[in-house]
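Next come the chains, spelled out residue by residue.
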Amino acid sequence: MTSALPARAPRLRGARALFTGRAGGVGAGDYATLNLARHVGDEDGVVDRNRALVAAEIGAPLVFAEQVHSPDVHVLPEHGPVPVPVITADALVTRRSDVALAIMVADCLPVLLSDETAGVIAVAHAGRAGLLGGVLENTLAAMAELGAVAEQISASIGPSICGSCYEVPEEMRADSSLVLPATWSLTRWGTPALDLRAGAVSVLTGAGLPAAEIDVDHPCTLECEDFFSYRRQARTGRFAGVVRRR
Ligand SMILES: [Zn+2]
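All of the points below concern the structure found in this document. (Residues numbered from 1 in each chain as written. Predicted model: local features only at pLDDT ≥ 70, side-chain atom pairs only at ≥ 80, totals over all residues. Heavy atoms only, no water.)

**Comments concerning the overall build of the protein**
- Across its full length, the protein carries 5 helices and 14 strands.
- For a compact globule of 246 residues, the expected C-alpha radius of gyration is about 18 Å, and the protein comes in at 17 Å, within 12% of that figure.
- Overall, the protein is about 50 × 45 × 30 Å in size when its C-alpha atoms are taken along their principal axes.
- Per-residue burial for the protein yields a buried fraction of 53% across its 246 residues.
- The long-range share in the protein, meaning contacts at least 24 apart out of those at least 6 apart in sequence, stands at 62%.
- Carbon and sulfur atoms provide 52% of the accessible area of the protein, an area that totals close to 10000 Å². (Helix = DSSP H or I, 4+ residues; strand = E, 2+ residues; numbered from the N terminus. Rg over C-alpha atoms; globule rule 2.2 N^0.38 Å. Buried < 20%, exposed > 50% of the residue type's maximum accessible area, 1.4 Å probe, protein only. Contact = heavy atoms within 4.5 Å. Areas by Shrake-Rupley, 256 points an atom, 1.4 Å probe, with all protein chains shown as cover.)

What follows is the structure in C-alpha cells.
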C-alpha cells in the first residue's frame with residue numbers, strides 16, 4: 001500500500017481511524033489525486049478506485065452516507081450485507097466491526113467517535129448548518145441507544161477550516177454564536193469568522209466527553225494544501241474521515 005495513505009492517523013480508543021488527504025490516489029487535475037466523492041465532477045471510475053484504496057488501507061468495506069448538511073443520523077443494521085452507500089444522512093453509527101464508516105469533507109469538520117467499552121463507533125459531517133442543527137448531539141444520542149456512555153467516548157475532529165480562516169458575514173457570526181457561543185471568531189485579518197472546531201469541542205464536552213479524549217490537533221484545510229478545500233478552490237475533491245472498530 002502506498003505510504004501516502006493515510007494522511008493522518010489519529011488515536012481513537014478501540015478503533016482504527018484515519019483521515020485521507022490529497023495524496024495517494026489515481027485522480028488528476030482539480031481532483032488530484034485521492035478524491036472520494038461522486039457528484040463533484042470527477043470520473044466515477046477514478047472515485048471507485050480511490051475508494052477501493054482506502055478500503056484496503058482500513059481493511060473493510062467503506063460505508064458512505066449521502067450527505068446533505070442535515071442533522072440526521074443513520075444507524076446501520078446490526079447484521080446482513082454491507083449497506084449500499086445511498087443512505088441520506090450526515091452521520092453514521094454502528095456496533096459492527098466488519099465495515100468502516102466514512103464521512104467526506106473539504107473544509108467542514110470530519111468527526112470520528114468511539115466508545116471502546118460499549119463497542120460503538122460513529123462518524124459525523126459537521127459543517128456550520130449541521131453543527132448548529134445538532135448533528136453531534138444526535139450522533140451521541142444514537143450511540144447512547146446502542147449502549148455508549150459519553151464519559152467513555154473518545155473523539156477526533158480532523159482537518160478542517162480553522163477559526164482564523166473561516167470568514168463569514170457579520171450577521172451569520174451573530175446568529176451562529178447565539179446558538180453556539182464558542183463558534184464566535186475573528187479572522188487573522190480581523191473580520192467576522194466562525195470557529196467550528198471550538199463549537200464542536202464545546203458540544204462534545206458539554207455532552208460529557210472528557211476534554212482530554214478530544215483530539216483536534218489537525219491542519220487547517222485552507223492553509224494546508226495536503227487536503228482538499230472548497231474555500232480555496234470551488235472545483236475540488238473531498239477527503240474522508242474513516243473509522244472501524246478494532
Ligand atoms: Zn486556517
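After that view, the rundown keeps rolling.
**Let's talk about the packing of helix α3 (residues 135–145) against helix α5 (residues 196–206)**
- In contact at an axis separation of 10 Å, α3 and α5 are set at 35° when each is read in the N-to-C sense. By crossing handedness, the relation of α3 to α5 is classed as right-handed. Contacts from L136, E137 and L140 in α3 reach A200, V203 and L204 in α5.
- Residue classes in the contact of α3 with α5 are distributed as 5 nonpolar, no polar and 1 charged. (Axes fitted to C-alpha atoms, helices over the stretch in contact; angles between N-to-C directions. Left-handed = near helix turned anticlockwise from the far one by under 90°. Nonpolar A, V, L, I, M, F, W, Y, C, P; charged D, E, K, R; others polar.)

**Observations concerning the side chain of T183**
- Turning to its location among the elements, T183 is positioned in the loop between α4 (170–179) and β11 (184–186).
- Overall, the relative accessible area of 0% leaves T183 in the buried class.
- Among the polar contacts listed, one links the side chain of T183 to the backbone oxygen of L180, at a separation of 2.7 Å.
- Once residues within four sequence positions are removed from consideration, T183 is found in contact with L131, S176, S177, A193, L194, D195 and G199. (Polar contact = N/O pair within 3.5 Å; in protein donor to acceptor, adjacent residues only side chain to side chain.)

**Some thoughts on the coordination of the zinc ion**
- Only C162 (SG), C165 (SG), C220 (SG) and E223 (OE) from the protein reach the zinc ion as donors, at distances of 1.9 to 2.3 Å.
- Taken together, the 4 donor atoms coordinating the zinc ion and their angles of 103 to 115° define a geometry best described as tetrahedral.
- Site description for the zinc ion: donor spacing in sequence, C-x2-C-x54-C-x2-E. (Donors = N, O, S within 2.8 Å, 3.2 Å for Na, K, Ca; no water. Tetrahedral: all angles 85-135°; square planar, octahedral: opposite > 155°, others 65-115°.)

**Some points on the sheet that holds strand β1 (residues 15–19)**
- Pairing in this open sheet of 4 strands is mixed, and the strands run β1-β14-β7-β2 from one edge to the other. Edge positions in the sheet fall to β1 and β2 (62–63), since each of these pairs with one other strand and no more.
- When strand β7 (residues 100–105) meets strand β14 (residues 239–245), the two strands line up antiparallel, connected through 5 bridges. Along β14, the bridge assignment pairs A102 with V242.
- Sheet contacts for helix α1 (residues 44–58): β1, β2, β7 and β14; angle to β1, the most-contacted strand, approximately 145°. (Pairing = 2+ DSSP bridges.)

**Topic: the pairing of strand β9 (residues 120–126)**
- The element β9 is extensively covered by neighbouring structure, given that 7 of its 7 residues are classed as buried.
- Side chains V120, A122, A124 and A126 project from β9 onto one buried face, and the interleaved I121, V123 and H125 project onto a second face that is buried too.
- By the bridge criterion, 4 bridges tie strand β6 (residues 91–94) to β9 in an arrangement that is antiparallel. By the bridge assignment, L92 is partnered in β9 with V123.

**Comments concerning the packing of aromatic side chains**
- Taken as a whole and assessed by the stated rule, the structure comprises 1 aromatic pair.
- Against the face of F64 rests R51, its NZ or CZ located 3.8 Å from the ring centre. (Phe/Tyr/Trp six-rings, centres within 6.5 Å; stacked < 30°, edge-to-face > 60°. Lys NZ or Arg CZ within 6 Å of the ring centre and 35° of its normal.)

**A word on α3**
- For α3, the set of buried residues is V135, L136, T139, L140, A142 and M143. When α3 is viewed along its axis, its buried side chains cluster within an angular range of 160° and face the same direction.
- One or two positions beyond α3, positive phi appears at G147, with a value near 105°. (Arc of directions from axis to C-beta.)

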